[in-house]
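# Observations on chain architecture
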Amino acid sequence: MIKAIKDMIDFSGVESTNINKSIFFGVIVGIGRMIEMAGIYFIITAIITAVGGRAPAWQAFLIVLLGVLVACFAKGHSQMEQTHAGYFMAANKRIAIADHIKTIPMGYFNENSLGELVGTMTTVIENIETLAPMVMVRLMDGLITSFVMLACVFIFDFRFGLTMLIVEGVYLIISSRMEKKSQAVAPLRQDSEVKLVSAVLEWVQGMSIVKSFNLTGRGDKTIAEALEYNRDSNTKLEALYVPYTISQKIVLQIGTFALILESVIFYLNGTLSLAYTLMMIIMSFMVFAHIGSAGSAMAILRLLTASMEKANKPESIAKMDDAGEGYNSLKHDIEFKNVNFSYEKKQVLKDISFTIPDKTSTAIVGTSGSGKTTICNLISRFWDVDSGEVTMGGKNIKDYTLEALMSQISMVFQNVYLFADTIENNIKFGSPNATHEDVVRAAKEAACDDFIESLPDGYNTIIGEGGASLSGGERQRISIARAILKDSPVIILDEATANVDPENEDRLQKAIAKLTENKTIIMIAHRLKTVRGADQILVVDDGRIVDRGNHEELVAKEGLYRRFILGREEAENWKI
Ligand SMILES: Nc1ncnc2c1ncn2[C@@H]1O[C@H](COP(=O)(O)OP(=O)(O)OP(=O)(O)O)[C@@H](O)[C@H]1O
């Protein structure tokens, strides 16, 4: 239990101050309750003895009122601090995870399900958000107040103190057994909740496939299994708790009964005054409330430690080495020197070497799966090379911080992802300080100003998640506007023209020309027109550069490129 409390304090970070404040106010609540009890005792004495008329009873009533006020005031503050700590520690954790995720290699997403991360960021942290401060406060103030009360009762009459000590001792032994027992089952429950989120996420993401291939059976089966696992682990945990919570309740009821019985016996044998007897009978219903509250918190303790372990996991993923410096070269030539690269065990790039001179354009062509996208991903350090090196501006890209490197590169992907936000914010994504005028200028240059203006809310139109409410071409032009606004010296284009209808192609070509003006460009191009204009063409086959040169040089010699061109000219109307 001590370790669990220590873990919670570590997890709460800067918010531990608020939790401590909440515990402090919790103890004040206990003191308020004790004042109430003292007031009740004085009322009883005043009524029984009737010495001094009505005044002592009214004065005693004021003491009870004081106790109630102290308890209410402290309870309110304790609750406020607790809520603040919960929401802020959860928010801090989510931000810390998000910051960490930005610095880990993309390989993590190959090996781990996205749902696992989403489940951690949502359900798991939400559990901690609502439960952790409450458990800490109940546990700490419950234990502290119970011990203070126990000490007071001991001083008042050691016979009652002894009974309370035995009852609370047995109660704590049962609670700690329950806490230990739940150690094995609680992580299963957390795991099952994450699995359920994963299953639902996968099902929703693949909805179009589910519909078009009528695979409802398979999708439903995955969700049904996740639900079953969730139900079983929840039932198992609850079943484990039941005998212990029943025993806890019985022990406290016996404790209350024992205190009442003792009061009656001691009164009858003349060792306890009537006033004390009545007060003890009333107190016997109140003295165990705090230990009961601590016990119920102990039941949730393991669930919380399991949640915290899960929430801490993403931050333990090894970061990419980011110890570099800022980008201080004016040049942006890129060089691959004997680069080898594998995704897990599969080697994809094999001893690749080439140079892209500053402010020139390079088209990468090759068969599907030959490694074109991988080359682009290594330039932006989405992954690190296995051996060899990639340099930019004459320095290994690992010698720059990730932020410095990414500030030099803009990417226009084949599948554009837009965030569920306004069009303006999507364009401003890489340049948060840009003004509205800058956004409009970039949109005009990317040939998307017309369609944006025709939308009911113009630049303030909210785009559906992933850009679902726009056509492929519209999404692509917005992503070009985003890149134009960022104005980086290096542009990576991955089949940027693939989604555009012939009508818009001209405008898009102009947009791309504007984007790439005076820049170092690497493009995975499918259109002959684009490839033809490149200063250099790299022909990739099975992870190797098998040919390089400009269009004229490459068509003049026998090789893969020439075969591509001749074959595709006939087959696909001049598309590579
Ligand atoms: N994230 C990944 N994890 C594991 N293997 C991958 C990953 N991405 C790509 N690969 C594999 O690496 C090889 C090269 O992929 P890459 O995407 O670089 O090819 P490409 O030439 O761009 O293909 P295409 O023209 O079809 O887009 C392929 O065999 C692919 O299956």
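This structure is a prediction, so every number in the text was calculated from the model and none was measured. (Residues numbered from 1 in each chain as written. Predicted model: local features only at pLDDT ≥ 70, side-chain atom pairs only at ≥ 80, totals over all residues.)

### Some words on the site of the ligand
Neighbouring the ligand are 12 residues, the closest being Tyr343, Ser368, Lys372, Thr373 and Thr374. Among the elements that make up the shell around the ligand, the one with the highest residue count is helix α11 (residues 372–379) (3 residues). Each residue belonging to the shell around the ligand can be placed in one class, and the counts come to 2 nonpolar, 8 polar and 2 charged. (Near = placed C-beta within 6 Å. Helix = DSSP H or I, 4+ residues; strand = E, 2+ residues; numbered from the N terminus. Nonpolar A, V, L, I, M, F, W, Y, C, P; charged D, E, K, R; others polar.)

### Points about the sheet that holds strand β9 (residues 536–541)
Strand order in the open sheet formed by 6 strands is β6-β7-β8-β3-β9-β10, and the pairing between neighbours is mixed. Taken across any chain shown, the strands that pair with only one partner, and hence form the sheet edges, are β6 (409–412) and β10 (544–549). Here the average twist between neighbouring strands, direction ignored, is 20°. For strand β3 (residues 361–366) and strand β8 (residues 520–524), the ladder comprises 4 bridges, and the chain directions are parallel. Within β8, the residue paired with Ser361 across the bridge is Ile521. Each of β3, β7 (490–494), β8 and β9 touches α11; the most contacted strand, β8, lies at about 150° to it. Of the strands in this sheet, β6 and β7 are in contact with helix α16 (residues 472–486), which crosses β6 at around 170°. (Pairing = 2+ DSSP bridges. Axes fitted to C-alpha atoms, helices over the stretch in contact; angles between N-to-C directions. Contact = placed C-beta atoms within 7 Å.)

### Brief notes about the nonpolar core
In terms of nonpolar packing, the biggest core is built from 66 residues, with Ala446, Ile480, Ala481, Ile492 and Ile537 touching the most fellow members. Per-element accounting of this core gives the leading share, 6 residues, to α16. Taken together, domain 2 (324–408 + 492–499 + 522–576) and domain 3 (412–487) each give at least three residues to this core, which thus spans both. Sequence-distant contacts of Ala446, defined by excluding residues within four places in its chain, comprise Arg477, Ile480, Ala481, Ile484 and Ala511. Counting residues in hydrophobic clusters, the runner-up holds 62 residues, among them Phe11, Ile23, Met149 and Ala226. (Core = buried A, V, L, I, M, F, W, Y, C linked by C-beta atoms within 7 Å. Buried ≥ 20, exposed ≤ 12 C-beta atoms within 10 Å, placed from the backbone. Domains from an automatic or database assignment.)

### Let's talk about the sheet that holds strand β2 (residues 346–356)
Strand order in the open sheet formed by 4 strands is β2-β1-β4-β5, and the pairing between neighbours is antiparallel. Whereas interior strands pair on both sides, the edge strands pair on one side only; in this sheet they are β2 and β5 (395–396). One ladder, built from 5 bridges, connects strand β1 (residues 334–343) with strand β4 (residues 387–392); its direction is antiparallel. Along β4, the bridge assignment pairs Glu335 with Thr391. Against the sheet, α11 makes contact with β1, β2 and β4, and its axis sits at roughly 115° relative to β1, the strand it touches most.

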